[in-house]
Amino acid sequence: MEIEKLVENFNLKGKIISIEEKRTGNINNTYIVTVEHEKVIKKYIIQKINTTVFNEPYVLMQNIENVTNYYKNYLRINNEDVERGTLSVIKTKNNKNLLRTSNNEYYRMYNYIDNAVSYDKFDDANMFYNVGIAYGRFVKVLDNYPMDKLNETIPNFHNSKKRLSDFLKDIKNDPCDRVKDVLAEIVYIIQRSDELSIIVDLLDNKEIPYRVTHNDTKINNVLMDLNTNEAICVIDLDTVMPGSALYDFGDAIRSGAATAIEDDKNLDQVTIDMEYYKCFTEAYLNETKDILTPIEIKYLPMACRIITLELAMRFLNDYINGDTYFKCDYETHNLDRARNQLKLVSEMELKFDEMENIVRKYISNNEQQLKKTFN
């Protein structure tokens, strides 16, 4: 079915002026729809959901619709901008949040937020501060969200204990005869295998709570105001599901405070920028320090190491299995990614005391919490 015909199934008022494909993102196909109604121009986003990654699109959209409605209600109560503060799901003409085609393709539509931009890279740590505000606020706003209404869209996504178990099995099977070439990397990960259990065990033992987590906290999943660079809203909500705030903090630092992209082969360039870490941590804790428990706050620095180690293990495991999951541009792409992330883990280990001291600094105005967290 042509994209124009698909758009006509959604509850839009006015005449379609244009439809342009937006060639960004690695998962879903995205188009920008421009509509004119009574001389007013409005834009919308229509996306084809990748059902290979998200094989239960109705469950996925139930999560997104419920979370965004909850978020809107918060914005409304606090007299904040409902239209720009979160995504809005546009229903079909038969009041569904998804359009299913005759050949079992699934499309959804959102409002388009004007005068906003997302970035893949920042040259200014203050911009990363604004990202920290956005992700911290996401946790705070959804603090009392009913967890029984939140579905798991990708089972065991951050279950690093299970991922480690799978990794060890695949090393034993060695399907592509590549294990002999990556023994040093395997040993490095196994030596830190206890760390991979920390967050999962804290959740299982109910020492930390399950929260609404984004699970893909890259900088480009925060829309920034085009004029002020202030954070407007968090986008790309496909991976929103139950998890730990530690996942989101750790992945934000892993991806946003690293000094090199994750497949940079020059490992001398790979470290963690402590100014970026400081800015994000300050902003995040300004929003969440009264929400997060002392144990969650204590493990924020360790979460950065755990999530980075987890991704390194996933890259290396995919290399061992013949590159079946991550898209690769050349034969050793996954291996280069794994080595890059392992170097980042090493750099975090070297700077770990400083990372902990920065967390201490930003909760230092609460002496009781400080004692609970680090004693």
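Right above here is the structure, for reference.
Each chain carries its own residue numbering, running from 1 in the written order of its sequence. The model is predicted, so local features are restricted to residues of pLDDT at least 70 and side-chain atom pairs to those at 80 or more, both for listing and for counting; the totals for chains, interfaces and linings are taken over all residues. Water and hydrogen atoms were dropped before computing side-chain values, which therefore reflect all heavy atoms in the structure.

## Describing the pairing of strand E10 (residues 231–234)
On a regular strand, each side chain points to the face opposite its neighbour's, so the side chains alternate between the two faces of the sheet.
Now for step 1: If DSSP finds at least two bridges between two strands, the strands pair. Only DSSP runs of H or I covering at least 4 residues are called helices, and only runs of E covering at least 2 are called strands; the numbering of each starts at the N terminus. In terms of strand pairing, strand E9 (residues 222–225) meets E10 through 3 bridges, oriented antiparallel. Note that in E10 the partner of methionine 224 across the bridge is alanine 231.
Now for step 2: Two successive antiparallel strands, E9 and E10, enclose a turn made up of 5 residues, where asparagine 229 displays a positive phi of approximately 65°.

## Structural notes on the packing of helix H2 (residues 57–77) against helix H4 (residues 125–141)
Now for step 1: Between H2 and H4, whose axes approach to 10 Å, the crossing angle comes to 95°. The angle between H2 and H4 falls in the class roughly perpendicular. Residue-level contacts link Tyr70, Tyr71, Tyr74 and Leu75 of H2 to Arg137, Phe138, Lys140 and Val141 of H4.
Now for step 2: Broken down by class, the residue content of the contact of H2 with H4 amounts to 6 nonpolar, no polar and 2 charged. What counts as an axis is a line fitted to C-alpha atoms, over the stretch in contact for a helix, and the angles between N-to-C directions run from 0 to 180 degrees. Should an angle lie under 35 degrees it is considered roughly parallel, over 145 roughly antiparallel, and from 65 to 115 roughly perpendicular; all remaining angles are considered oblique. Contacts were defined at the residue level, with two residues in contact if any of their heavy atoms lie within 4.5 Å. When residue character is reported, Ala, Val, Leu, Ile, Met, Phe, Trp, Tyr, Cys and Pro are called nonpolar, Asp, Glu, Lys and Arg charged, and the others, Gly included, polar.

## Observations concerning the sheet that holds strand E7 (residues 116–117)
Now for step 1: Strand order in the open sheet formed by 3 strands is E7-E9-E10, with antiparallel pairing between adjacent strands. In this open sheet, the two edge strands, each paired with only one partner strand, are E7 and E10.
Now for step 2: Pairing analysis gives 2 bridges linking E7 to E9, with the strands arranged antiparallel. The partner of valine 117 across the bridge, within E9, is methionine 224.
Now for step 3: Its contacts with the sheet place H4 against E9 and E10, and it is angled at close to 125° to E9.

## Some thoughts on unusual backbone geometry
Excluding glycine, a negative phi dihedral is what most residues carry, and trans is how most peptide bonds are arranged.
Now for step 1: The phi angle at asparagine 95 is positive, at roughly 65°, despite the residue not being glycine.
Now for step 2: Asparagine 95 sits in the exposed class, given a relative accessible area of 54%.
Now for step 3: Backbone geometry at aspartate 174 places phi at a positive 45°, although glycine is not the residue there.
Now for step 4: One can find aspartate 174 in the loop between helix H5 (160–173) and helix H6 (183–191). When accessible area is computed with a 1.4 Å probe and restricted to protein chains, residues below 20% of their type maximum are described as buried, those above 50% as exposed, and intermediate ones as partly exposed.

## Notes on H5
Now for step 1: With 14 residues, H5 should cover 20 Å at 1.5 Å per step; its first-to-last C-alpha distance of 20 Å lies within 8% of that length.
Now for step 2: Those residues of H5 that fall on the buried side of the exposure criterion are Ser160, Leu164, Phe167, Asp170 and Ile171. Along the axis of H5, the buried residues cluster in a sector spanning 125°; they form a single face. Those residues of H5 that are exposed and angled more than 90 degrees off the buried face are Lys169, Lys172 and Asn173.
Now for step 3: Within two residues after H5, aspartate 174 carries a phi angle of roughly 45°, on the positive side. How far a helix is expected to stretch is found by multiplying one less than its residue total by 1.5 Å. As used here, the arc is the angular range of directions from the helix axis to the C-beta atoms.

## Notes on helix H9 (residues 274–288)
Now for step 1: End to end, H9 covers 20 Å across 15 residues, agreeing with the expected 21 Å (1.5 Å per residue, within 8%).
Now for step 2: In terms of burial, H9 is largely enclosed, as 11 of its 15 residues are buried.
Now for step 3: What H9 keeps buried is the set Met274, Tyr276, Tyr277, Cys279, Phe280, Thr281, Ala283, Tyr284, Leu285, Glu287 and Thr288.
Now for step 4: The backbone nitrogen of glutamate 275 has a side-chain oxygen 3.0 Å away, supplied by the residue at the start of H9, namely aspartate 273. Whenever two N or O atoms come within 3.5 Å, that pair is a polar contact, provided that in protein one can donate a hydrogen and the other can accept it, and provided that, for residues adjacent in sequence, both atoms are side-chain atoms.

## Remarks on the pattern of salt bridges
Now for step 1: The rule for a salt bridge is simple: a side-chain nitrogen of Lys or Arg has to be within 4 Å of a carboxyl oxygen of Asp or Glu. One pass over the full model with this rule turns up 22 salt bridges.
Now for step 2: Ionic pairing is found between glutamate 80 and arginine 137, a salt bridge with its closest N-O pair at 2.3 Å. Pair noted here: glutamate 80 is in the loop between H2 and helix H3 (82–85) and arginine 137 is in helix H4, with a separation of 57 residues, a long-range link.
Now for step 3: Salt-bridge contacts for glutamate 185 lead to arginine 339; the nearest nitrogen and oxygen are separated by 2.8 Å. You can see glutamate 185 sitting in helix H6 and its partner arginine 339 sitting in helix H12 (residues 333–350), a full 154 residues away along the chain.
Now for step 4: The network of salt bridges with shared partners includes Asp143, Arg211 and Glu296.

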